[in-house]
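Inside the fold
What follows is each chain in one-letter form.
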Amino acid sequence: MYEGNLEDSRKLYLDKQDEYSKILEIAFEKLETSIKRKGIHCQIEKRIKNVDSFLKKILRKEYKTPLTEIRDQIGLRVITHYQHEFDKVKEIVYEEFEVHHHEDKLNSLKFDQLGYLGLHYEVSLQKNENELIKDYNEHIFELQIHTKAQNLWANVSHQLLYKSFSPPSPEIQRSIYRLVALIEIFDKEVNTAQNAIINQTGFPEVKLLTHLESCFHLFTWNEFDKEFSINNLSSLKKLLKDEEIDNFENLIEAFSSENHTKLANLFSQYSDDKRDSYDRLMLFQPESLLIFERLEMDKFKLQELWGSFLPLELLEFLANIWGIQLPNS
Amino acid sequence: MSLDFGTLQVERAIIHQIPKRLSSEGAVALRTTDIEIPPVLESMNFLAERIKESLVKSSYSVAFDPEPESPVPDLISRLFESENDDFVHISQRIALHLYTSQTGVNSRGVLVITQVKLENKPALAILKLEDEKGCEYEILENNKGLITCSLKQVENLMLTGGKIFKVGIFVKESDCIAGCISDKQRGIKTQTLVANFFLKRFLGCYLLKSPAITTNQFIRTCQNFINNDVSSVELKQRYEIALLSLINNNNDVIEPTNFASLNMHVDDRQKFIDRLEQDEVPTTNFEKDISTTGNSIRNMHVTFTNNECTVAISGNASSLEDLIIEETDDGRVKVSFVAELDKFGK
């Protein structure tokens, strides 16, 4: 049983709210900026534990110094589309935060066990950020990485298990285990299917688009027409040599990185441009990155090919804003 | 100087109407604009697109004349020193200078002065549009008596009526101000005076590299490209003839991109443009001046191994149509042509 004064803990916790909010904002911004820079399409959730949950946790787990022992007062969760994106997010966590503890929930389960999955980190802001927060003394908080499916399970299981008054019956437990197994299978199958699609012969366009999309999201979150992209890439890929297709990820990453400021400015200049004109149609398609790259590499071959699949005005617009003169323009 | 015009972003713009100046007595008083156009994204992008369009086609590096007739160099320098507060005032002084420098020969038009960023550096772009079709202008006056001019008029002029469009752009570098101009009339022999008016009298600048030097550099790079980078004898012949034709034809402007596109094999076009860039020869259109181009380069020389034999054919491209250079089965080259014999030797 908790031996401290619950009212004191409540007041102390409420006094900390401003500090927690600042830490949460700084952490969220760092995470969001880095995630955008790496072109990962994901969702970030943030929350400060409400006082009610905090007090209940004290009572449940009998902490002696709850403010320091409980580490999920501040929580951030990165929700990715695919499991293979975890590696990139992990890199960000280590680059942007001090990591005190980490746990891959899968590793804590035996082969015959099923349960809650995802990566959990206990982190704090980096030392040089301390001065941004008055009286800050290295507050440790929780950062989780989940896939969409794992997140769904985390939310549903919370509703199912924490809100039940008595332990679930064996029958309910079994149905819950079936669901957990399904979540794990779902993520694995999605990953396998995605890899298979990317590597499938006859679908190099999908592979190109996957890499383009990743770089495209460095600059904009605009929605684009996937089918249109695939059609365009089926023509544009003719301009690439076999080794360029094999090494496409590096090629497009290097181009995006060398031209980062120029691309960021262009996408920002045009993102809210409401002029009624169709010539900007291609800019907010991920393949615009490849078009800019080819304009620099060989504008002649690009122009020669272009007429076979799209109106020339679309290329002329991109060439003009990129600062390239096309023949006979 | 090579500037990446793709990085250009317009931040502020003001439009001044420049009426036709009939004579000193009958001059329409210039009413300069007091208010910038609203800095909405669409307007700024529209202007950026038009400026880029002009500069990517043709741009000449310029520098301020050390003893300029024009106050513009000094006004631009002051604008880069000040904290933007003088933008409107300085633009009015530039407009006034243009108006007072013009004579009845010049059409009326508009002057658009824009504060821009180029390669992330502060820059100023001046656009001069002449209106040959007599578009109607509207001057808007607010309740404080301040005058503004809408971008709509400039859009109409650029997209329909305005045929003459000149741009000068000046970038603040760490230790100097770099400049470029684009002017469709530059290079057209009958328009030299008008082009020089814009460059010298109005902007107070001079071309950093004379057209004669640029033309020579272009020819030299082109010749080196043919000799060193092209292996096919047939293509060497085709490019050589194209170069001779370019030198000797009546066009006043050299258009490197179109030259490559029209005359070269698709695999050689970009390589040729890259070679020009490496040699710091303009890849955009520029004025042709062959006045200092030596006769030797205006004629064709085919030099065989060890200089054992040189065949020189002088004349214009049309007389070279009968010239055939072909590779024989044993790897040697056969040169043949048909012409009326005048004499042997020089």
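Because the structure is predicted, anything quoted here is derived from the model rather than measured.

Calculation criteria
Residues numbered from 1 in each chain as written. Chains lettered and ligands numbered in written order. Predicted model: local features only at pLDDT ≥ 70, side-chain atom pairs only at ≥ 80, totals over all residues. Helix = DSSP H or I, 4+ residues; strand = E, 2+ residues; numbered from the N terminus. Rg over C-alpha atoms; globule rule 2.2 N^0.38 Å. Buried ≥ 20, exposed ≤ 12 C-beta atoms within 10 Å, placed from the backbone. Contact = placed C-beta atoms within 7 Å. Nonpolar A, V, L, I, M, F, W, Y, C, P; charged D, E, K, R; others polar. Core = buried A, V, L, I, M, F, W, Y, C linked by C-beta atoms within 7 Å. Domains from an automatic or database assignment. Arc of directions from axis to C-beta. Pairing = 2+ DSSP bridges. pLDDT = per-residue confidence, 0-100. Axes fitted to C-alpha atoms, helices over the stretch in contact; angles between N-to-C directions. Parallel < 35°, antiparallel > 145°, perpendicular 65-115°, else oblique. Left-handed = near helix turned anticlockwise from the far one by under 90°.

**Notes on the overall build of chain A**
Counting secondary structure elements, chain A contains 14 helices and five strands. For a compact globule of 329 residues, the expected C-alpha radius of gyration is about 20 Å, and chain A comes in at 25 Å, more than 25% above that figure. Oriented by its inertia axes, the alpha-carbon framework of chain A measures out at about 85 × 50 × 35 Å. Looking at chain A as a whole, 26% of its 329 residues qualify as buried. Within chain A, contacts between residues separated by at least 24 positions form 76% of all contacts whose residues are at least 6 apart in sequence.

**Quick word on the interface of chain A and chain B**
Interface size is commonly expressed as the accessible surface area that is lost when the partners come together. Counting from both sides, the interface comprises 22 residues of chain A and, opposite them, 22 residues of chain B. For the side of chain A that touches chain B, the elements supplying multiple residues, two or more each, are α12 (260–271), α13 (288–306) and α14 (312–322) of chain A. Its residues assigned to classes, the side of chain A that touches chain B comprises six nonpolar, seven polar and nine charged.

**Quick look at the nonpolar core**
Residues Leu318(A), Val112(B), Ala125(B) and Ile169(B) are the most contacted members of the largest nonpolar core, which totals 106 residues. With eight residues, α13(A) is the largest single contributor of residues to this core. Not counting residues within four places of it along the chain, the set of residues in contact with Leu318(A) comprises Met282(A), Leu283(A), Ser288(A), Ile291(A) and Phe292(A). With 20 residues, the next largest nonpolar core counts Leu31(A), Ile74(A), Leu119(A) and Leu143(A) among its residues.

**Side note on the domain arrangement of chain A**
Residue and element names in this part refer to chain A. The domain architecture assigned to chain A consists of domain 1 (6–190) and domain 2 (204–322). When each unit is reduced to the centre of its C-alpha atoms, the spacing between domain 1 and domain 2 is 37 Å. Listed as interface residues are four residues of domain 1 and, on the opposing side, four residues of domain 2. A breakdown of the residues in the side of domain 1 that touches domain 2 according to their chemical character gives no nonpolar, two polar and two charged.

**What about helix α2 (residues 72–81) of chain B?**
When we look at burial in α2(B), the residues that qualify are Val72(B), Leu75(B), Ile76(B) and Leu79(B). Across the axial projection of α2(B), the buried residues extend over an arc of 100°, all falling on one side.

**Brief notes about the pairing of strand β8 (residues 177–183) of chain B**
For a regular strand, side chains alternate in direction, first toward one face of the sheet and then toward the other. All names here are of chain B. By the criterion of burial, β8 is predominantly enclosed, with five of the seven residues buried. Across three bridges, strand β2 (residues 60–64) lies against β8 in antiparallel orientation. By the bridge assignment, Ser61 is partnered in β8 with Cys180.

**Regarding the confidence of the model for chain B**
All names here are of chain B. Chain-level pLDDT for chain B is 83 on average; 77% of the residues reach the 70-or-more range. When pLDDT is averaged over each helix and strand of chain B, the minimum, 56, is found for helix α10 (residues 295–298) and the maximum, 97, for helix α9 (residues 266–278). Note on the complex model: pTM 0.73, ipTM 0.84.

**As for the domain arrangement of chain B**
Residues and elements named next belong to chain B. Domain annotation of chain B identifies domain 1 (5–207) and domain 2 (211–336). The partner domain 2 presents seven residues to the nine residues of domain 1 that form the contact. Taken together, the residues of the side of domain 1 that touches domain 2 sort by class into three nonpolar, three polar and three charged.

**Regarding the pairing of β2(B)**
Residue and element names in this part refer to chain B. Only one face of β2 is covered, namely the face carrying Tyr60, Val62 and Phe64; the face carrying Ser61 and Ala63 is uncovered. The pairing of β2 with strand β9 (residues 205–207) spans three bridges and is classified as antiparallel. Looking at β9, one finds that Phe64 is bridged to Cys205.

**So, the sheet that holds strand β2 (residues 74–80) of chain A**
Residue and element names in this part refer to chain A. Overall, mixed pairing links the five strands, which are arranged β1-β2-β5-β4-β3 in an open sheet. The sheet terminates laterally at β1 (42–48) and β3 (98–104), the two strands that pair on one side only. Averaged over neighbouring strand pairs, the angle between their axes works out to 20° when direction is ignored. Of the pairings in the sheet, the one linking β1 to β2 comprises seven bridges and is antiparallel in character. Bridging from a neighbouring strand, Cys42 pairs with Thr80 of β2. Across the sheet, helix α2 (residues 17–37) lies against β1, β2 and β5 (141–147), angled at about 170° from β1, the strand it touches most.

**A look at the packing of helix α8 (residues 204–216) of chain A against helix α11 (residues 248–258) of chain A**
Residue and element names in this part refer to chain A. Contact geometry of α8 with α11 gives a least axis separation of 9 Å together with a crossing angle of 25°. Looking at the two axes, α8 sits roughly parallel to α11. The handedness of the crossing between α8 and α11 is right-handed. Where α8 approaches α11, its residues Leu208, His211, Leu212 and Cys215 are matched on the opposing element by Phe248, Glu249, Ile252, Glu253 and Ser256. Among the residues making up the contact of α8 with α11, the classes are represented as five nonpolar, two polar and two charged.

**Some details on unusual backbone geometry**
All names here are of chain B. Phi angles above zero are rare outside glycine, and Glu119 is one such case at about 50°. Mapped onto the fold, Glu119 is located in the loop between β3 (109–118) and β4 (121–130). Judged by the 15 C-beta atoms lying within 10 Å of it, Glu119 falls in the partly exposed class.

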